[in-house]
Each structure stands twice: as structure tokens, then as C-alpha cells.
Amino acid sequence: MEKMFSKLKKAYRCNSPKEAHQVIKELFGSIAPLPFWLSSVTRIQSAVFDTSPDYKTLFPDCIFYQGQLFLKLIYASHQLQDFPPISARLLTWNQIIESRDKEFQTEPECDRCIFNVIDYAPKQLSHDEILDPSLVIRKFFKRRKLKDWVNRWNSFREMATYSFSAVEGDELEFLKDFTYFLKLTEACYLIHSRYSPIQTN
């Protein structure tokens, strides 16, 4: 199992913020939108805690494919720690929703209805963290180093395959780490929506 959930250090390492933005554009743009990635983290979390996880929804995509791609986000986030906060009075949907997701309509019948914006709005981040998502990423790497987070995520993916719960006695610590992963996902999305140097089509 250890070989199956490899770290892929060289393949996934980002050497600059621009490379990190390219990774995030690929993950949130080409592959799937933000709610999909939050859902994937949550499904793995549920499987880690569950004594009888639903393997039909976990294998192979969630644990192996999506779980492996999530490592890209962890590596990319390491390059996103130094972006400036914005003022609360300047906060608009343009600073919350990535440009490709901004074209919402006001009619409820429309698939791009403005009411669906809620799917893309941060749910894990505090007010201050929404204004300064790089703060979230600095807290993330203050809690654990990059290598340790990669190992932690791979451990969670492996635990999600167990037919029993592996968290007994450590529930609070596990919940904290999954919350950090969810916050990291939203923080990366916000930084990308505000500061990406990559032109969107």
C-alpha cells in the first residue's frame, strides 16, 4: 500500500507561484470545479471515520485518482504563502469566485443561477481568512511541514480503504487535519481567483 500511495515529489513539486497557479488552474478548471474537490476530501474523511465505508463511491476514482491529484494541490499551496490580504470594504464576488465561474445569471431556472454562487463561496474559512487566504496556508505549514502533510494525506487515503475505523482515540486530531485540508483547498482557490497571472479563456 505504501508504494501505491507514492509521494511523487519530483513530479508534483512546484518551484514558483506561477507554476502553482498553473496547477490550480488545471485542477479547478480543466478537471473539476471547487465543490468537487471539497466533496472528494469529505468523502475520504467519511471513509476514514466509517466502520463500513461505501467502496462503490471510493474506488477507484476518489481514493486513487482524485486522491493522488490532491497531492498536487498540497505541493502547489507551498508556493502561495506570501500573497497580500485584501480590505473588507473592497471584497466583492470577483475576489471570491474564480473568473470562469463569475458568469452567473439571476434567473433561478438557469444552470448558472446566481443562487449557485453559494457552492463556490468559502464555508470553512473565517472572515479574516477570506480576506487573507495566504494566512491559512502559513498556518497549514506551521502545523506540519510539506513532507509531513503529504505523508498524512497518503495515510488518510490508505485508512479510507480499511473496513474499520482507524481513528479511535484520535478523533479530534483527525478532524483538525481534515479541516485544514478543506481550508487549504478554499484558500488556494481564493488566491488563484485574485492573483493568477494566467489568462483565462
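Residues numbered from 1 in each chain as written. Predicted model: local features only at pLDDT ≥ 70, side-chain atom pairs only at ≥ 80, totals over all residues. Heavy atoms only, no water.

(A) Local environment of the overall build of the chain. Summing up its helical and strand segments, the chain has 9 helices and 0 strands in all. Secondary structure elements in the chain, listed N-terminal to C-terminal, are α-α-α-α-α-α-α-α-α. Looking at the chain as a whole, 44% of its 201 residues are labelled buried. Sequence-distant contacts in the chain: of pairs separated by 6 or more residues, those separated by 24 or more amount to 81%. Of the accessible surface of the chain, which amounts to about 10,600 Å², a share of 52% is contributed by carbon and sulfur atoms. (Helix = DSSP H or I, 4+ residues; strand = E, 2+ residues; numbered from the N terminus. Buried < 20%, exposed > 50% of the residue type's maximum accessible area, 1.4 Å probe, protein only. Contact = heavy atoms within 4.5 Å. Areas by Shrake-Rupley, 256 points an atom, 1.4 Å probe, with all protein chains shown as cover.)

(B) Layout of the pattern of salt bridges. Applying the stated criterion to the full structure yields 8 salt bridges. Between Glu 173 and Arg 143 there is a salt bridge; the shortest N-O distance is 2.8 Å. Highlighted residues: Glu 173 in helix α9 (residues 171-195) and Arg 143 in helix α7 (residues 133-143), separated in sequence by 30 residues. The closest approach of N and O atoms between Arg 143 and Asp 177, which form a salt bridge, is 2.8 Å. Of this pair, Arg 143 sits in helix α7 while Asp 177 sits in helix α9; the two residues are 34 residues apart in sequence, bridging distant segments of the chain. When its relative accessible area of 0% is taken as the criterion, Asp 177 is described as buried. (Salt bridge = Lys/Arg side-chain N within 4 Å of Asp/Glu carboxyl O.)

(C) Representation of helix α2 (residues 17-31) in the model. With 15 residues, α2 extends 20 Å between its outermost C-alpha atoms, agreeing within 8% with the 21 Å of an ideal straight helix rising 1.5 Å per residue. Against α3 (34-49), α5 (61-77) and α9 lie the buried residues of α2. (Expected span 1.5 Å × (residues − 1).)

(D) Structural view of α7. Restricting attention to buried positions, one finds in α7 the residues Pro 133, Ser 134, Val 136, Ile 137, Phe 140 and Phe 141. Projected onto a plane normal to the axis of α7, the buried residues spread over an arc of 150° and lie on a single side. Next to the buried residues of α7 lie α5, α6 (127-131), α8 (146-159) and α9. (Arc of directions from axis to C-beta.)

(E) Layout of the nonpolar core. Val 48, Ile 74, Trp 153, Phe 156 and Phe 181 are the most contacted members of the largest nonpolar core, which has 54 residues in total. Those elements that place two or more of their residues in this core are α2, α3, α5, α7, α8 and α9. At 10 residues, the largest contribution of residues to this core is made by α9. Once residues lying within four places of it in the same chain are set aside, the contact partners of Ile 74 are Phe 141, Leu 146, Trp 149, Val 150, Trp 153, Phe 181 and Leu 184. (Core = buried A, V, L, I, M, F, W, Y, C linked by side-chain atoms within 4.5 Å.)

(F) Quick look at the side chain of Thr 161. Relative to the elements of secondary structure, Thr 161 occurs in the loop between α8 and α9. A distance of 2.5 Å separates the side chain of Thr 161 from the backbone oxygen of Glu 158, its partner in a polar contact. (Polar contact = N/O pair within 3.5 Å; in protein donor to acceptor, adjacent residues only side chain to side chain.)

(G) Inspection of the side chain of Arg 194 at higher detail. As for its position among the elements, Arg 194 is in helix α9. With sequence-adjacent residues up to four places away left out, Arg 194 is seen in contact with Ile 86, Leu 91, Gln 95, Ile 130, Leu 131 and Pro 133.

(H) View of the packing of α5 against α8. At a minimum axis distance of 10 Å, the contact between α5 and α8 shows a crossing angle of 165°. Relative to α8, the element α5 is oriented roughly antiparallel. For the pair α5 and α8, the sense of crossing is right-handed. Residues Ile 63, Phe 64, Gly 67, Gln 68, Phe 70, Leu 71, Ile 74 and Tyr 75 of α5 touch α8, and the partners they reach there are Leu 146, Trp 149, Val 150, Trp 153, Asn 154 and Arg 157. (Axes fitted to C-alpha atoms, helices over the stretch in contact; angles between N-to-C directions. Parallel < 35°, antiparallel > 145°, perpendicular 65-115°, else oblique. Left-handed = near helix turned anticlockwise from the far one by under 90°.)

(I) Looking closely at the environment of Val 48. When you line up the elements, Val 48 lands in helix α3. Separated by 117 residues in sequence, Val 48 and Ser 165 place their C-alpha atoms 6.0 Å apart. Discounting residues that sit within four places of it in the chain, Val 48 has contacts with Phe 156, Met 159, Ala 160, Ser 165, Ala 166, Val 167, Phe 174 and Phe 178.

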